[in-house]
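Here are the chains, one letter per residue:
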Amino acid sequence: TLKMSFCLMFLSSMNVVFIRNCAWSMSRESYMSVAGFINEVGSLVKSLTTAVSFLLSFYAIARIQRFWAIQRAGWLVQGRCHDLGMLAGAVLGDSEKDWRARYALYRHLLLCFFFTYQSLTPNFRGVGFRSLSEAGLLFDGEQRILERAHKGP
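We now turn to the structure provided with this report. Bear in mind that the values here come from a model prediction, so they are computed numbers and not experimental data.

The rules behind the values
- Residues numbered from 1 in each chain as written.
- Predicted model: local features only at pLDDT ≥ 70, side-chain atom pairs only at ≥ 80, totals over all residues.
- Heavy atoms only, no water.
- Salt bridge = Lys/Arg side-chain N within 4 Å of Asp/Glu carboxyl O.
- Helix = DSSP H or I, 4+ residues; strand = E, 2+ residues; numbered from the N terminus.
- Buried < 20%, exposed > 50% of the residue type's maximum accessible area, 1.4 Å probe, protein only.
- Contact = heavy atoms within 4.5 Å.
- Patch = residues over 30% accessible without salt bridge, like charges linked within 9 Å, V, L, I, M, F, W, Y side chains within 5 Å.
- Areas by Shrake-Rupley, 256 points an atom, 1.4 Å probe, with all protein chains shown as cover.
- Axes fitted to C-alpha atoms, helices over the stretch in contact; angles between N-to-C directions.
- Parallel < 35°, antiparallel > 145°, perpendicular 65-115°, else oblique.
- Left-handed = near helix turned anticlockwise from the far one by under 90°.
- Nonpolar A, V, L, I, M, F, W, Y, C, P; charged D, E, K, R; others polar.

Right, let's get into the pattern of salt bridges. Tallied over the entire structure, the rule returns 3 salt bridges. Residues Arg107 and Glu142 are paired through a salt bridge, measuring 2.7 Å at the closest nitrogen-oxygen approach. Within this pair, whereas Arg107 is found in helix H3 (residues 96-117), its partner Glu142 is found in helix H5 (residues 140-149), the two being separated by 35 residues in sequence. Glu142 gets classed as partly exposed once you look at its relative accessible area, which sits at 22%. Close ionic contact of Glu134 with Arg130 constitutes a salt bridge, the shortest N to O distance being 3.5 Å.

When its relative accessible area of 4% is taken as the criterion, Arg107 is described as buried. In this structure Arg107 touches Gly136, Leu137, Leu138, Phe139 and Glu142, once residues within four positions along its chain are discounted.

Right, let's get into a nonpolar patch on the surface. Together, Met4, Phe6, Leu8, Met9, Phe10, Leu11 and Met14 make up a nonpolar patch on the protein surface, roughly 780 Å² of accessible area in all. With respect to the helices, strands and loops of the structure, Leu11 is situated in helix H1 (residues 2-25). Judged by its relative accessible area of 54%, Leu11 falls in the exposed class.

It is worth spelling out the environment of Leu2 at this point. Counting through the fold element by element, Leu2 comes out in helix H1. Leu2 sits in the exposed class, given a relative accessible area of 74%. When the C-alpha positions of Leu2 and Arg107 are compared, they lie 48 Å apart, and in sequence the two are 105 residues distant.

Running from amino to carboxyl end, H1 crosses helix H2 (residues 28-90) at an angle of 155 degrees, the nearest separation of the two axes being 9 Å. With respect to each other, H1 and H2 are oriented roughly antiparallel. For the pair H1 and H2, the sense of crossing is left-handed. Note on element contacts: H2 touches H1 through Tyr31, Val34 and Ile38, opposite Phe18, Ile19, Cys22 and Ala23. Here the residues of the contact of H1 with H2 are counted per class, giving 7 nonpolar, no polar and no charged.

See the structure below:
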């Protein structure tokens, strides 16, 4: 963050001022001791920079792998839902009962998508069963069943 960067720059400048003042006010032996210590700290920082970069690369790779695992799982669910929708659309029948059955299936597929991506989409996190019922995607009986089965907070 900007605050942390400012603090580090300030501490670095204070270190430089300290080292320059040490040269004027210390004996040569004491200054050489301080200079040796600072060189050792510099070597330690160089070696730690390599180690931290190495560990940070592993962390970044793990996060990217997790992202792609979630993406692949989403594609799998999406593909299966599309398969079901295409199969239902291919079924012949133009009666009112057939259309109601298709609507129920498509509504359930949409709810499947919603519940799959709800935890991953910030805009969907606050949407509950009541909102889905008000939108007409969940019927009262279905809402009660889901509320009884819901184990989360």
